[in-house]
Structure formats: C-alpha cells, structure tokens
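Observations on the three-dimensional arrangement
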Amino acid sequence: MISEGKEQSARILATCLIAGAVMVAGFSLLTLYLAAPNDRWLQWTRKKKKPVRVYMDGCFDMMHYGHCNALRQARALGDQLVVGVVSDAEIIANKGPPVTPLHERMIMVNAVKWVDEVISDAPYAITKDFMKKLFDEYNIDYIIHGDDPCVLPDGTDAYELAKKAGRYKQIKRTEGVSSTDIVGRMLLCVRERSISDSHNHSSLQRQFSHGHNQKVEERGSGGTRVSHFLPTSRRIVQFSNGKGPGPDARIIYIDGAFDLFHAGHVEILRIARGLGDFLLVGIHNDQTVRLKNPSVSFILLDFTLIL
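Keep in mind that what you see is a predicted model, and the values were worked out from it rather than measured. Counting restarts for each chain: residues are numbered from 1 in the order of the written sequence. Whole-chain, interface and lining totals are the exception, using all residues; otherwise, since this is a predicted model, local features are given only for residues with pLDDT of at least 70 and side-chain atom pairs are given and counted only at 80 or more. As a convention, hydrogens and water are excluded, and side-chain values are obtained from all of the structure's heavy atoms.

Bringing helix 12 (residues 263–273) into the picture now. Of the residues making up helix 12, those classed as buried are Ala263, His265, Val266, Leu269 and Ala272. Turning to helix 12, the residues buried within the fold contact helix 5 (102–110), strand 6 (251–256) and strand 7 (278–283). Partly exposed describes any residue whose relative accessible area lies between the buried limit of under 20% and the exposed limit of over 50%, with all areas from a 1.4 Å probe on protein chains only and scaled to the type maximum. Helix numbering and strand numbering both begin at the N terminus, where a helix is a DSSP run of H or I of at least 4 residues and a strand a DSSP run of E of at least 2. Residues count as neighbours in contact if any of their non-hydrogen atoms are within 4.5 Å of one another.

This is how it looks when you write it as structure tokens:
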C-alpha cells in the first residue's frame, strides 16, 4: 500500500512538473510574440488592410511642374495612384489638337515617381461606363481632380457622376503655370528676337512671364497669372525622396537646360541612370541658357522623376 501510494505521488508530481514547464514555455513564447509589435501580427493586419487606390486623369500635354505637383497631391490622398492619359482623339474633340502625341505623354507620366499605374486612351469625361470600369476592374476608391472647373463642350461638368457617387476628391491647382502659358512664353521668345520695340516686348513679357494685369486676375478670365509655386525649402522637401548616394556608390553626373522637358529628356536620363548607382543632374540657370536660346520653362527635375 505504501509503495503504491509513493508511485501515485511520483506520477502526480511528474505531471505537475510537466504541466508547469509547458505553461512557462507557453508564457515565454507569448511574451516574446507580444514584445515584437512589428512581427507577424502587424504583418498579418497589413495584409488584410486594403490599399486606397485613387485615380486622376489628364491630357498632360507639354508636361510641366504643375502637372507633377497635381500628381504629387493626388498620390498623397491614397496608397496607389492610377493615372489616365487622355487620347489624342478625345483632346481634339474637347480642346483642340495636342502638341505632344499620346505615346510621348505616356512616357512622361510613367516617369513621375508618384505614379503607380497608367491607363492609356482614357476618356476626357468620366462616363457612367468608364466609372464602373474604374471601380470594378481597377479597384479605384476615389477619383481626383483639381479645383479648376473642367467643363465639357455641352456645358456639363466632366466629373459630375463621380461627385454624385460620393467618390470624388479635390486638390488645389498650381497657379500660374499651364500649357497655354508655356505657349505664351514661346511666343515671347520669338518676339524677343524679331521685335525691337521695347514697349511691345515688355508688354508681352508682363503678360506671359509675370502674369496678366490686375484687371484680368480679378475677373478670373483665361490667361496666365503670377506663379505661387516657389522653390522654397518646404516645397523641395515635398518633391525630394531624401535619398543620397551610398558610401561605395558609382555617381553619374549629367547636366542640361532641360527646357520644355520632353520624352527625349526622360530617355537620356534613364540611360544615364543605368550607368551607375546614383544620378546627379545639373540644371543650367536662366542666364546660361539665354547665351544660346531664351528660356521658356522651369523644371523641378531632380525631385520629380524616378529613374
């Protein structure tokens, strides 16, 4: 009887010891698991969280920093930015013939670092069928446009359906720059060479380089206005990715005027980037450019392209 009692006590003690060891091990693992907030749990929750996909369209003709700033603002409203590039035919029907053909405009938009995906031959207006395609096929959550009105030839709002659906968000338009303004600067360059009348030249310069007079600005009619897009430190930080070359990086340097920035510029920068690990781009100042040709546009090149 005493022997059997001892054996039973030993079995109970062994069971308790094993159970205790299992509990300690389990508690230790749980402690380690909870002490690592960036591990499996957060990874799982991130996988479950659906990214916010936003859509923005445009002609992007004679692409300039106003376009880039719009894309930057649109990307900030979501996790992924899908951009629709309007077809040549649609632009002709609604605005007139584009200066830059579709395939070149596609290259330009694809080169902007805030763009995740590009849709070619997008319609000028958001139709019911196209909006359904955006929501169902491209999983778009919101449609983005600037605060400037986009009116169709029949007088209706191009984004009316998106607004009614509650899937529309608005960004601020970059004042003082547009494709029309750049064309005006080009005319100014021609005038600068062909007209000796300083009065006529200064009048044209005021109109296109420094904005229209106060009366035009007040009544809000067409034309250019003074640009408020200044290269401040805050603006440069918004455009920059903050990355520098590594200690052993092979640094490539290329410079140029990059005036009227186009698809050819994008291609030569892409090739230059492929020659090393870090591409440093120098932009000639206006005085240097004027020694050969008058400067037309101003590009925030270093901080806009992903190459």
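Another point: the side chain of Gln73. As for its position among the elements, Gln73 is in helix 3 (residues 65–76). Once residues lying within four places of it in the same chain are set aside, the contact partners of Gln73 are Ile171 and Lys172.

This next bit is on the pairing of strand 2 (residues 80–86). Among the 7 residues of strand 2, 6 are classified as buried, and the element is accordingly described as predominantly covered. Here the term right-handed applies to a crossover when the path leading from its first strand over the helix to its second strand runs clockwise, the strands being oriented away from the viewer. A crossover connection joins strand 1 (residues 53–58) to the parallel strand 2 through helix 3; in handedness this β-α-β unit is right-handed. A pair of strands counts as paired when DSSP detects no fewer than two bridges linking them. Relative to strand 3 (residues 117–122), strand 2 runs parallel, the two sharing 4 bridges. Opposite Val82, over in strand 3, you have Glu117 as the bridge partner.

Relative to the elements of secondary structure, Arg53 occurs in strand 1. For the purposes of these results, a polar contact is taken to be a pair of N or O atoms within 3.5 Å, where, inside protein, one atom must be able to donate a hydrogen and its partner to accept one; residues adjacent in sequence count only when each atom of the pair is a side-chain atom. Among the polar contacts made by the side chain of Arg53, one reaches the side chain of Glu117 at a distance of 3.1 Å. Arg53 has contacts with Gln80, Val82, Glu117, Tyr138, Asn139, Ile140, Asp141 and Tyr142, leaving out every residue within four places of it along the chain.

Unlike most non-glycine residues, Asn139 shows phi in positive territory, near 55 degrees. You can see Asn139 is positioned in the loop between helix 6 (128–136) and strand 4 (142–146). Look at Phe258: it is not a glycine, yet its phi comes out positive at around 50 degrees. Relative to the assigned elements, Phe258 resides in the loop between strand 6 and helix 12.

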